Amino acid sequence: MIHYFQKQMRRVVPNEHNHVIRQFSLLFIISLTLVFVDVAQTQPKETRFSDDDGAANDGQLGDTVDNLVYLPTILKPPEFLVIADFDTCKPPNNLVGDMGAACPDPGCPPPDQLFESYPAEPERGCIACLEYHIKNWGAFWMKLNHLDMTPYPYLVFDVRGTGDIIGKQFKIEIKRNCHSTLDGTECYELEINYVGGVTANWEQKRIDLSEFAFPPGWQLPYKSIQDWSDLEELVFTVEGNQSGEDGSIYLDNVRLEK
Ligand SMILES: [Ca+2]
């Protein structure tokens, strides 16, 4: 292109003015360079996605940006998180954690018995039934599989009762028990909250997690929960002096909510 430009210039400019041609050529080259630089800078950048979630180029989870522009994806936790709806009618819970009964003696023989079952109930799928006959205590535990509760201020569940629990209360415990010591891990962390007002009809309880507290009188190594992002266990406990000695608690839709 430059040679063509010089050839055309020589047709109109006498030979003795070759320096004029050289100057015009130089100016022409500089102008072309500036135009190319400007075009490159104003050209819109293209973002392409390769997709591994089955939805083509949708910019959603599963897409990866493979050139030029990085688009950060902010993953927000959902508005609620189900711990257990019991709808498989057996363990595990919705966090794939085991569930079961605990009493002072293994197998829950008298005088402290708690039997858990997962019967079907109309319009609820299955539920958890905790039938207790106790002098001291009995408990129903659900493993949380290192659940992070920090995005959720509320523990929510549906509950009804029969027998002594009506008009009394039960205890909810959140635990981080850990162990495997030799200066490795320890934990022994727990916080509790009492819930009353159970009636014969299904009602929703919405418990502010900030109302959980370390049980008074407990000594080291036990301590309050130090890390709410790595929780191990949620326990519903009946005690003879708080819950009465014979009754049943029915639970459904145990979840965390914002
Ligand atoms: Ca259910």
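Residues numbered from 1 in each chain as written. Predicted model: local features only at pLDDT ≥ 70, side-chain atom pairs only at ≥ 80, totals over all residues.

## As for the overall build of the protein
Next up, step 1: Secondary structure assignment for the protein yields three helices and 15 strands.
Next up, step 2: In the protein, which comprises 258 residues, the proportion classed as buried is 21%.
Next up, step 3: Counted over contacts in the protein with a minimum sequence separation of 6, partners at least 24 positions apart contribute 66%. (Helix = DSSP H or I, 4+ residues; strand = E, 2+ residues; numbered from the N terminus. Buried ≥ 20, exposed ≤ 12 C-beta atoms within 10 Å, placed from the backbone. Contact = placed C-beta atoms within 7 Å.)

## Considering the nonpolar core
Next up, step 1: If you look at the biggest cluster of nonpolar residues, it comprises 35 residues, and the most contacted ones within it are Leu130, Phe140, Phe236, Ile249 and Leu251.
Next up, step 2: Counting residues per element, the ones that place at least two in this core are strand E3 (80-84), strand E8 (128-133), strand E9 (137-147), strand E10 (154-163), strand E11 (169-178), strand E14 (231-239) and strand E15 (246-257).
Next up, step 3: If one sorts the elements of this core by residue count, E9 sits on top with six residues.
Next up, step 4: Here Leu130 is in contact with Leu114, Glu116, Phe140, Phe236, Ser248 and Ile249, once residues within four sequence places are set aside. (Core = buried A, V, L, I, M, F, W, Y, C linked by C-beta atoms within 7 Å.)

## Remarks on the pairing of strand E5 (residues 113-117)
Next up, step 1: Of the two faces of E5, only one is covered, namely that formed by Leu114 and Glu116; the face formed by Gln113, Phe115 and Ser117 stays uncovered.
Next up, step 2: Relative to E8, E5 runs antiparallel, the two sharing five bridges. Its bridge partner lying in E8, Phe115 is registered against Glu131. (Pairing = 2+ DSSP bridges.)

## Comments concerning the environment of Glu203
Next up, step 1: On the secondary structure map, Glu203 appears in strand E13 (residues 203-208).
Next up, step 2: For Glu203, the residues in contact, after removing those within four places along its chain, are Val159 and Arg160.

## Here's the deal with the sheet that holds strand E12 (residues 187-196)
The strands that make up a sheet pair up through hydrogen bonds in the backbone, lying either parallel or antiparallel.
Next up, step 1: Taking strand neighbours across the sheet as the criterion, the five strands line up as E4-E9-E14-E11-E12 in an open arrangement whose pairing is antiparallel. Edge positions in the sheet fall to strand E4 (99-102) and E12, since each has one partner strand and no second. Averaged over neighbouring strand pairs, the angle between their axes works out to 25 degrees when direction is ignored.
Next up, step 2: Pairing of E4 with E9, which is carried by four bridges, proceeds in the antiparallel orientation. Paired with Met99 across the two strands is Met142, which belongs to E9. (Axes fitted to C-alpha atoms, helices over the stretch in contact; angles between N-to-C directions.)

## Here's the deal with the confidence of the model for the protein
Next up, step 1: Chain-level statistics for the protein give a pLDDT mean of 84 and a share of 72% at 70 or above.
Next up, step 2: Here residues 42-54 scores under 50 on pLDDT; set against residues more than four positions off or in separate chains, the count is 24 contacts. (pLDDT = per-residue confidence, 0-100.)

## Details of the environment of Asp252
Next up, step 1: As for its position among the elements, Asp252 is in strand E15.
Next up, step 2: Along the backbone, Asp252 and Gly125 are 127 residues apart, and their C-alpha atoms lie at a distance of 9.3 Å.

## Some points on unusual backbone geometry
Next up, step 1: The omega torsion of the bond from Pro91 to Pro92 falls at 5 degrees, within 30 degrees of zero and hence cis.
Next up, step 2: Checked against the element boundaries, Pro92 lands in the loop between E3 and E4.
Next up, step 3: Following Leu220, the chain continues into Pro221 via a peptide bond in cis, with omega recorded as 15 degrees.
Next up, step 4: Of note, Cys187 is a non-glycine position whose phi angle comes to about 85 degrees, a positive value.
Next up, step 5: The topology assignment puts Cys187 in strand E12.

## Looking at the environment of Ala139
Next up, step 1: Counting through the fold element by element, Ala139 comes out in strand E9.
Next up, step 2: Exposure remark for Ala139: the 24 C-beta atoms within 10 Å place this residue in the buried category.
Next up, step 3: Taking the C-alpha atoms as reference, Ala139 lies 9.9 Å from Asp112; in sequence the two are 27 residues apart.
Next up, step 4: Other than its neighbours up to four places away in sequence, Ala139 contacts Ala101, Ala102, Leu114, Val235, Phe236 and Thr237.

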